[in-house]
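Structural overview for review
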Amino acid sequence: MIDEKNIEKVFKMLEDTLKEETMIKKLVKEKYNQFQILVATILSARTKDELTEDVSRKLFKKVKSPSDLLKLSKEELEKEIYPIGFYKTKARNLLKLARILLEEYDGKVPNRFEELLKLPGVGRKTANIVLSYAFGKPAIAVDTHVHRIFNRWKFVNTRTPEETEIVLRKKLPKKLWKKVNNILVTFGKSICKPINPLCEKCPINKICPYPKIKENKI
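Just so it is clear, the structure is predicted and the values come from calculations on it, not from any experiment.

**Examining the overall build of the protein chain**
On a plain count of helices and strands, the protein chain comes out with 12 helices and zero strands. Starting at the N terminus and ending at the C terminus, the protein chain contains elements arranged as α-α-α-α-α-α-α-α-α-α-α-α. For a compact globule of 218 residues, the expected C-alpha radius of gyration is about 17 Å, and the protein chain comes in at 19 Å, within 12% of that figure. Considering only contacts in the protein chain between residues 6 or more positions apart, those separated by 24 or more positions represent 59%. If you sum the accessible surface of the protein chain, you get close to 11,800 Å²; carbon and sulfur atoms cover 52% of it.

**A look at the environment of D3**
Tracing the backbone through its elements, the reader meets D3 in the segment before α1 (7–17). Judged by its relative accessible area of 17%, D3 is buried. Separated by 113 residues in sequence, D3 and L116 place their C-alpha atoms 32 Å apart. Only 2.9 Å separates the side chain of D3 from the backbone nitrogen of K5, close enough to count as a polar contact.

**Some details on the nonpolar core**
Membership of the largest hydrophobic core comes to 39 residues, with the highest contact counts inside it found for L38, L59, L69 and L77. Secondary-structure elements contributing two or more residues to this core are α2 (23–29), α3 (34–44), α4 (49–59), α6 (74–81), α7 (87–104), α8 (113–117) and α9 (124–135). Sorting elements by how many residues they give to this core places α3 first, with seven residues. Every residue in contact with L77, bar those within four places of it in the chain, is listed here: L59, L69, L72, A91, L94 and L95. If you look at the next biggest cluster of nonpolar residues, it comprises 28 residues, including I140, I149, I183 and L184.

**Regarding the pattern of salt bridges**
Oppositely charged side chains are able to pair whenever their charged atoms sit close together. Scanning the model with the defined rule gives 19 salt bridges in all. Of the charged contacts in the structure, one is a salt bridge between E21 and K29, with a shortest N-O distance of 2.9 Å. A salt bridge links R57 to E53; the nearest nitrogen and oxygen atoms lie 2.9 Å apart. One end of the pair is R57 and the other is E53, both in helix α4 and four residues apart, which spans about a single turn. What makes E53 buried here is its relative accessible area of 14%. Through salt bridges with shared partners, one network takes in K26, E30, E53 and R57.

So, how was this worked out
- Residues numbered from 1 in each chain as written.
- Predicted model: local features only at pLDDT ≥ 70, side-chain atom pairs only at ≥ 80, totals over all residues.
- Heavy atoms only, no water.
- Helix = DSSP H or I, 4+ residues; strand = E, 2+ residues; numbered from the N terminus.
- Rg over C-alpha atoms; globule rule 2.2 N^0.38 Å.
- Contact = heavy atoms within 4.5 Å.
- Areas by Shrake-Rupley, 256 points an atom, 1.4 Å probe, with all protein chains shown as cover.
- Buried < 20%, exposed > 50% of the residue type's maximum accessible area, 1.4 Å probe, protein only.
- Polar contact = N/O pair within 3.5 Å; in protein donor to acceptor, adjacent residues only side chain to side chain.
- Core = buried A, V, L, I, M, F, W, Y, C linked by side-chain atoms within 4.5 Å.
- Salt bridge = Lys/Arg side-chain N within 4 Å of Asp/Glu carboxyl O.

Listed below in structure tokens is the structure:
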């Protein structure tokens, strides 16, 4: 069983086992700026981290600020971010976003959730990732991995990532909020997969209510 009493222990067990990091956490550790973190997060929607990371690093050799981004035409930006998923829509949104940041925020990324949501291409998950990673604020970024895993654990009983975020804000200790995305996205990709999860390799197999395969007892 996984509940409020042992959730910190569960996170510690996963943290000690998982060595990989999300693409965004890598960029933060390498000192990419808040604008670049925002751009990379927008690019990552419905796109694999590996591809997003390659495209972002290439783009960030030219683009370090909203004004840098606006030096590119829509067609040039599309070429820079191709083959990112929905690259045409993302190019259009990024150019709009850059103009808004320059005109309304003095070229800076806002550090309030409500203000981030007003930006083109920014939803709840993106806003929370930016707050957590770029600004170091307590925020819970819930994607399909996070949503699936907390439901498998029966820590929540929700139908959508947004519902999961709302429940987690009430139940999850605030000191774990910033860890949720990095740990559970990595865990969801490598072990607690959507189909055929590797329960036999899971470090929390013994306390997880979901496993189909338990450890063999000798």
